[in-house]
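# Observations on the model geometry
The chain contents come next:
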Amino acid sequence: EWLDQRIDPESNSVSEVFLGGINAFLQFSCNQADYKERQTLLCPCARCKNVKLREAKVVSRHLFLYGFKGNYYVWTRRINGQCSTGWLNDEDNTVL
């Protein structure tokens, strides 16, 4: 999973795969009704641990710097015959 590929072992910097995943995560998150209403989202970085509300640009920076908190996974589900992808916090089973 891209969540586990934060550091590129060859360059020892944040990987392109991880950066692409952050962008997809934020695009998905910012299209959710809660975000559109509040203009903030829970930051799932290793520092904020999905308990602090932040602006999307701050979440992006935190994920770049600290990576995702432990037990945070990508999930896929089927709704009305279509696949939908999102993120699951395995500790408390909350879905973003």
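Counting restarts for each chain: residues are numbered from 1 in the order of the written sequence. In view of the model being predicted, local features appear only for residues whose pLDDT reaches at least 70, and side-chain atom pairs are presented and counted only at 80 or more, with totals across whole chains, interfaces and linings using the full set of residues. With hydrogens and water excluded, all non-hydrogen atoms of the structure serve as input to the side-chain values.

## Overview of the nonpolar core
The condition that has to hold: The set of buried Ala, Val, Leu, Ile, Met, Phe, Trp, Tyr and Cys residues whose side-chain atoms join them within 4.5 Å is what this entry labels a nonpolar core. Per-residue accessibility, obtained with a 1.4 Å probe over protein chains only, is compared with the maximum for each type, and a residue is labelled buried under 20%, exposed over 50%, and partly exposed between these values. Here a strand is any run of E in DSSP of at least two residues, a helix any run of H or I of at least four, and the numbering for each starts at the N terminus. We call two residues contacting when some pair of their heavy atoms lies within 4.5 Å.
Counting residues in hydrophobic clusters, the biggest one holds 17 residues, and the most contacted among them are Trp-2, Phe-18, Phe-25, Leu-41, Val-59, Leu-63 and Phe-68. Counting only elements with at least two residues in this core, the list comes to helix H1 (16-30) and helix H3 (56-66). With four residues, H1 is the single largest residue contributor to this core. Filtering out sequence-adjacent residues up to four positions away, Val-59 remains in contact with Phe-25, Leu-26, Leu-41, Cys-43, Pro-44 and Arg-54.

## Considering the packing of aromatic side chains
Selection rule: Centres within 6.5 Å make a pair out of two Phe, Tyr or Trp rings, where for Trp the six-membered ring is used; the pair is then stacked when the planes are under 30 degrees apart, edge-to-face when over 60, and tilted otherwise.
This model, assessed by the stated rule, comprises four aromatic pairs. Look at Trp-2 and Phe-68: their rings are 5.5 Å apart centre to centre, the planes differ by 75 degrees, and that puts the pair in the edge-to-face class. In this pair, Trp-2 is assigned in the segment before strand S1 (7-8) and Phe-68 in the loop between H3 and strand S5 (72-79), connecting sequence segments 66 residues apart. Judged by its relative accessible area of 16%, Trp-2 falls in the buried class. These aromatic residues form a ring-pair network of at least three members: Trp-2, Phe-18, Phe-25 and Phe-68.

## Section: the confidence of the model for the protein chain
One rule of thumb: low pLDDT means the predicted coordinates there are not for detailed reading. Quick note on the threshold: Residue-level confidence of the predictor, termed pLDDT, takes values from 0 up to 100.
Averaged over all residues, the pLDDT of the protein chain is 81; the fraction at 70 or higher stands at 76%. When the criterion is pLDDT under 50, residues 87-96 qualifies, and its contacts beyond four places in sequence or with other chains add up to 37 contacts.

## Observations concerning H1
Counted only if it meets this: Each residue after the first adds 1.5 Å to the expected span of a helix. Each direction from the helix axis to a C-beta atom contributes to the arc, which is the arc of those directions.
In this model H1 runs 21 Å from its N-terminal to its C-terminal C-alpha over 15 residues, within 8% of the 21 Å that 1.5 Å per residue would give. What H1 keeps buried is the set Phe-18, Gly-21, Ile-22, Phe-25, Leu-26, Phe-28 and Ser-29. Relative to the axis of H1, the buried residues are bounded by an arc of 160 degrees and lie together on one face. Opposite the buried face of H1, at more than 90 degrees from it, the exposed residues are Glu-16 and Gln-27.

## Focus: the packing of H1 against H3
Quick note on the threshold: As a rule, the C-alpha atoms of each element are fitted with a line to give its axis, helices using only the stretch in contact, and angles between N-to-C directions run from 0 to 180 degrees. In these notes the angle categories are as follows: under 35 degrees is roughly parallel, over 145 is roughly antiparallel, 65 to 115 is roughly perpendicular, and the rest is oblique. For any helix crossing, the convention is left-handed if the near helix is rotated counterclockwise from the far helix by under a right angle, and right-handed if that rotation is clockwise.
Closest axis-to-axis distance for the H1/H3 pair is 10 Å, and the angle between their directions is 155 degrees. In terms of orientation, H1 and H3 fall into the roughly antiparallel class. Helix-helix and strand crossings are classified by hand; for H1 and H3 the assignment is right-handed. On the side of H1, the interface is formed by Phe-18, Leu-19, Ile-22, Phe-25, Leu-26 and Cys-30, while H3 contributes Ala-56, Val-59, Ser-60, Leu-63 and Phe-64.

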